[in-house]
Amino acid sequence: QVQLVESGGGLVQPGGSLRLSCAASGFVFSDYNIYWYRQAPGKERELVATIMSTTGMTDYKDFVKGRFTISRDNTKNMAYLQMNSLKPEDTAIYYCNAYRRLRIGVSNDYWGQGTQVTVSS
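Calculation notes
- Residues numbered from 1 in each chain as written.
- Predicted model: local features only at pLDDT ≥ 70, side-chain atom pairs only at ≥ 80, totals over all residues.
- Heavy atoms only, no water.
- Core = buried A, V, L, I, M, F, W, Y, C linked by side-chain atoms within 4.5 Å.
- Buried < 20%, exposed > 50% of the residue type's maximum accessible area, 1.4 Å probe, protein only.
- Helix = DSSP H or I, 4+ residues; strand = E, 2+ residues; numbered from the N terminus.
- Contact = heavy atoms within 4.5 Å.
- Phe/Tyr/Trp six-rings, centres within 6.5 Å; stacked < 30°, edge-to-face > 60°.
- Pairing = 2+ DSSP bridges.

Some details on the nonpolar core
- Among the nonpolar cores identified, the biggest contains 30 residues, and Leu4, Phe27, Trp36, Phe68, Leu81, Met83 and Tyr94 are the most heavily contacted of them.
- Of all elements in the fold, only β3 (18-25), β4 (33-39), β5 (46-51), β7 (68-73), β8 (78-83), β9 (92-103) and β11 (115-119) reach the threshold of two or more residues within this core.
- Discounting residues that sit within four places of it in the chain, Tyr94 has contacts with Glu6, Leu20, Trp36, Tyr37, Arg38, Val48, Phe68, Leu81, Met83, Gly114, Thr115 and Val117.

A word on the packing of aromatic side chains
- Tallied over the full model, the rule gives 6 aromatic pairs.
- With centroids separated by 6.5 Å and ring planes inclined at 50°, the aromatic side chains of Phe27 and Phe29 adopt a geometry described as tilted. Taken individually, Phe27 and Phe29 each receive the classification buried, so the pair is uniform in this respect.
- Summarising the aromatic geometry, the rings of Phe27 and Tyr110 are spaced 4.9 Å apart at their centres and angled 50° between planes, so their arrangement reads as tilted. A residue pair is termed long-range when its members are at least 10 positions apart, and Phe27 in the loop between β3 and β4 and Tyr110 in strand β10 (residues 106-111) qualify at 83 residues.

What to know about the pairing of β4
- Burial runs high along β4: 6 of the 7 residues are buried.
- By the bridge criterion, 7 bridges tie β4 to β9 in an arrangement that is antiparallel. In the sheet register, Tyr35 faces β9, and the bridge partner there is Asn97.
- The sheet contact formed by β4 and β5 spans 5 bridges and is antiparallel. Each residue of the ladder has a partner; that of Ile34, found in β5, is Ile51.
- Counted along the chain from β4 to the antiparallel partner β5, the turn is 6 residues long, and its residue Gly42 has a positive phi close to 75°.

This is the structure:
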């Protein structure tokens, strides 16, 4: 049974930090690229950060660059999103996504249930 379970969300003041975790099971975690997305109320889901499966290369959207850090531990089947210098506009539900392209036109795409992050004073 494939599962992605996010945790670590909560209420934090502007300028604070949170560390989100994503626990994976039921598939070969190390074969999958990991993405963190977020969705704010009334807005579309947007990509936040990426970490590749084999190279470990990372990429960030401009609005989190320099503040967020994505990482993974393939030995523990875990991914993380360290969020520093949080702003009210970072308030959203954060989702972990695991993606692997098997062949042209066929892929596995798994999502967690999300964890709420609220940045407010």
